[in-house]
Each structure stands twice: as structure tokens, then as C-alpha cells.
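Working through the structure, step by step
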Amino acid sequence: HCGAMTLHMRDAPGDLRAFAELSGRADRLRLLHPEMHRDFFTRELQREDAPARDDGIPLDNLGLGASERVLLRLLGDPAAAALLRRWRLGGVLERVGAGYVDTASHLGFLVVPAYEPRALLAAGRVFQRIWLAATHEGIGLMPIAAPTLLVARLVRLAGAGFTAAERAEAAALQADLERMFPVSLQHQTGVLFRLAAAEPPPVPAPRRPVHAVLAVD
């Protein structure tokens, strides 16, 4: 326990396999949703075909093979993503997302008791300490954002922008997460992450200065 937060860990092979499948489904939904697609490709990822930025994940740090890099490059085109979404395709995206969890030794979920600013800020500070401790011990930590982002959109935003089929899939993700962990995502949220033996990232990830992301009244 971390104050009112709770850290749950899983390492059973069956749990890791089940979560890998769930994570793959969540990545497909996230990358094909127009708004979440835009956020990922313009804010979270440093694309090879875009100007350099002072934030974002370098593509080299994702551990992708040549074919997966090509897929991600093609998926960066909103029109291509829209076609996959309309045709309800994109199964290959599930395999890519699941692959990140397949190599993990542990899965963690830091559960935040309430979806409100103070609790979320405190959770961010706790998660930062977990990440720093793992790095100090030579353990690779990777946040897994898609499942909780999709559930938050379903619960907090009434599934804004989801089709009926996508809303049903997001509800299934919520139910699966609540079966894996003692959590009620109707009222709580949290940070999912995986742990694995890993080499340091090949490219240092850039960071924004604090004043660019935090305003204090």
C-alpha cells in the first residue's frame, strides 16, 4: 500500500498471457480511434517523418522489428487508420501490443482510489519513484496506457467517439481488468506497467521542462 493507493503485482504465466491478449485488444482500439490516434502520433511518438520535438517516445526505443516499423509508419496516415477502423480490421496491431507483455516477468497495477486531480498527482509521484527504483536495479519498466485510457473514455466521457461495437469492446476490457485486479474502474483508475529484464534504451527520451507541463496557482 502507498497511502490510499494500492500496488498489485502479477507474475503467474496465465495472468501474463491473459493480460497480453487484453493489452493487444486495447492497442488496436486506441490506435484506430481518430482522436486517440492523433494523440499518439502527434504527441506521444517521435515520428521519423516529422520534425524533431522536445518530447515523445523515440521510435528506436519501442523495440520494433522492420515489418512493425513499416506498419507503424503506414498507420500514421489517418486515412489508413480510418479504413482499418471502418472495415473492423487491424488484428496485426493486437499482436504488436501483446508482444510487449509476452516478454515481461511481472505486471503491475498502481490503483488510485479516486479520479480527481490531487489523487492523480500523488499517484504520478508514487509511480515515478517505482520507475526510478526499477531503473536503479537495472529492471526495464514500461507503462501500458491503452487499457485504462479506453476505460476512462468509456466511464468519464460516455464513450465519446466510440462506435457501438467499440463501446462494447471497451466495456469488455473494463470487465476483464476488474476480474484480474480487485478494482472498480467505475470509481477508480490507475497505472498499468510491465517489468522485464532489459538493456537501457538506445536513444535517451527527451523531456519537457517542468514549466511546460505544470502550472501552480
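All values derive from a computational prediction rather than experimental measurement.

1. Quick look at the pattern of salt bridges
A complete count under the given rule lists 7 salt bridges for this structure. Taking the shortest distance from any N to any O, the salt bridge between Asp-176 and Arg-25 comes out at 3.1 Å. With Asp-176 in helix α8 (residues 164–180) and Arg-25 in helix α1 (residues 13–32), the pair connects residues that are 151 residues apart, well separated along the chain. Between Arg-28 and Glu-94 there is a salt bridge; the shortest N-O distance is 2.5 Å. One end of the pair, Arg-28, is in helix α1; the other, Glu-94, is in helix α5 (residues 91–102), and 66 residues separate them in sequence. Arg-28 gets classed as buried once you look at its relative accessible area, which sits at 13%.

2. Some remarks on the sheet that holds strand β6 (residues 189–197)
Strand order in the open sheet made by the 4 strands is β1-β4-β6-β5, with antiparallel pairing throughout. Two strands bound the open sheet, and with one partner strand each, they are β1 (6–10) and β5 (139–143). Direction aside, the axes of adjacent strands within the sheet are offset by 25° on average. Where strand β4 (residues 106–112) and β6 come together, 7 bridges link them in antiparallel fashion. Within β6, the position partnered with His-106 by the bridge is Leu-195.

3. Notes on helix α6 (residues 117–136)
For α6, spanning 20 residues, the distance from its first C-alpha to its last is 29 Å, which sits close to the expected 28 Å at 1.5 Å a residue. For α6, the secondary structure elements touched by its buried residues are β1, β4, β5 and β6. The distance from a side-chain oxygen at the start of α6 to the backbone nitrogen of Arg-118 is 3.1 Å, and the residue carrying that oxygen is Glu-116.

4. A few points about the environment of Pro-143
Its place among the elements puts Pro-143 in strand β5. Expressed as a C-alpha distance, the spacing of Pro-143 and Val-92, which sit 51 residues apart in the sequence, is 21 Å. Among all residues touching Pro-143, those that are not within four sequence positions of it are Phe-127, Trp-131, Leu-192 and Phe-193.

5. Some details on the packing of aromatic side chains
How two aromatic rings sit relative to each other is set out by the distance from centre to centre and by the angle between their planes. Throughout the structure, instances matching the rule amount to 4 aromatic pairs. Judged by centre distance (5.6 Å) and plane angle (55°), the rings of Phe-127 and Trp-131 are tilted. Separated by 4 residues within a single helix, Phe-127 and Trp-131 lie in helix α6, roughly one turn from each other. Judged by its relative accessible area of 8%, Phe-127 is buried. Taken together, a centroid distance of 5.6 Å and an interplanar angle of 50° make the contact between Phe-127 and Phe-193 tilted. In this pair, Phe-127 is assigned in helix α6 and Phe-193 in strand β6, connecting sequence segments 66 residues apart. Members of the aromatic cluster, each reached through a chain of ring pairs, are Phe-127, Trp-131 and Phe-193.

6. Side note on a nonpolar patch on the surface
Together, Val-210, Val-213, Leu-214 and Val-216 line one region of the surface with nonpolar side chains, adding up to about 420 Å² of accessible area. Assignment of secondary structure puts Val-210 in the segment after β6.

7. Observations concerning the packing of α1 against α8
Contact geometry of α1 with α8 gives a least axis separation of 11 Å together with a crossing angle of 150°. One way to sum up the angle between α1 and α8 is to call them roughly antiparallel. Where α1 crosses over α8, the two elements pack in a sense that is left-handed. Together, Ala-18, Phe-19, Leu-22, Arg-25, Ala-26, Arg-28 and Leu-29 of α1 and Glu-166, Glu-169, Ala-170, Ala-172, Leu-173, Asp-176, Leu-177 and Met-180 of α8 make up the contact between the two elements. A per-class count over the contact of α1 with α8 returns 10 nonpolar, no polar and 5 charged.

What counts as what
- Residues numbered from 1 in each chain as written.
- Predicted model: local features only at pLDDT ≥ 70, side-chain atom pairs only at ≥ 80, totals over all residues.
- Heavy atoms only, no water.
- Salt bridge = Lys/Arg side-chain N within 4 Å of Asp/Glu carboxyl O.
- Helix = DSSP H or I, 4+ residues; strand = E, 2+ residues; numbered from the N terminus.
- Buried < 20%, exposed > 50% of the residue type's maximum accessible area, 1.4 Å probe, protein only.
- Pairing = 2+ DSSP bridges.
- Axes fitted to C-alpha atoms, helices over the stretch in contact; angles between N-to-C directions.
- Expected span 1.5 Å × (residues − 1).
- Contact = heavy atoms within 4.5 Å.
- Polar contact = N/O pair within 3.5 Å; in protein donor to acceptor, adjacent residues only side chain to side chain.
- Phe/Tyr/Trp six-rings, centres within 6.5 Å; stacked < 30°, edge-to-face > 60°.
- Patch = residues over 30% accessible without salt bridge, like charges linked within 9 Å, V, L, I, M, F, W, Y side chains within 5 Å.
- Areas by Shrake-Rupley, 256 points an atom, 1.4 Å probe, with all protein chains shown as cover.
- Parallel < 35°, antiparallel > 145°, perpendicular 65-115°, else oblique.
- Left-handed = near helix turned anticlockwise from the far one by under 90°.
- Nonpolar A, V, L, I, M, F, W, Y, C, P; charged D, E, K, R; others polar.

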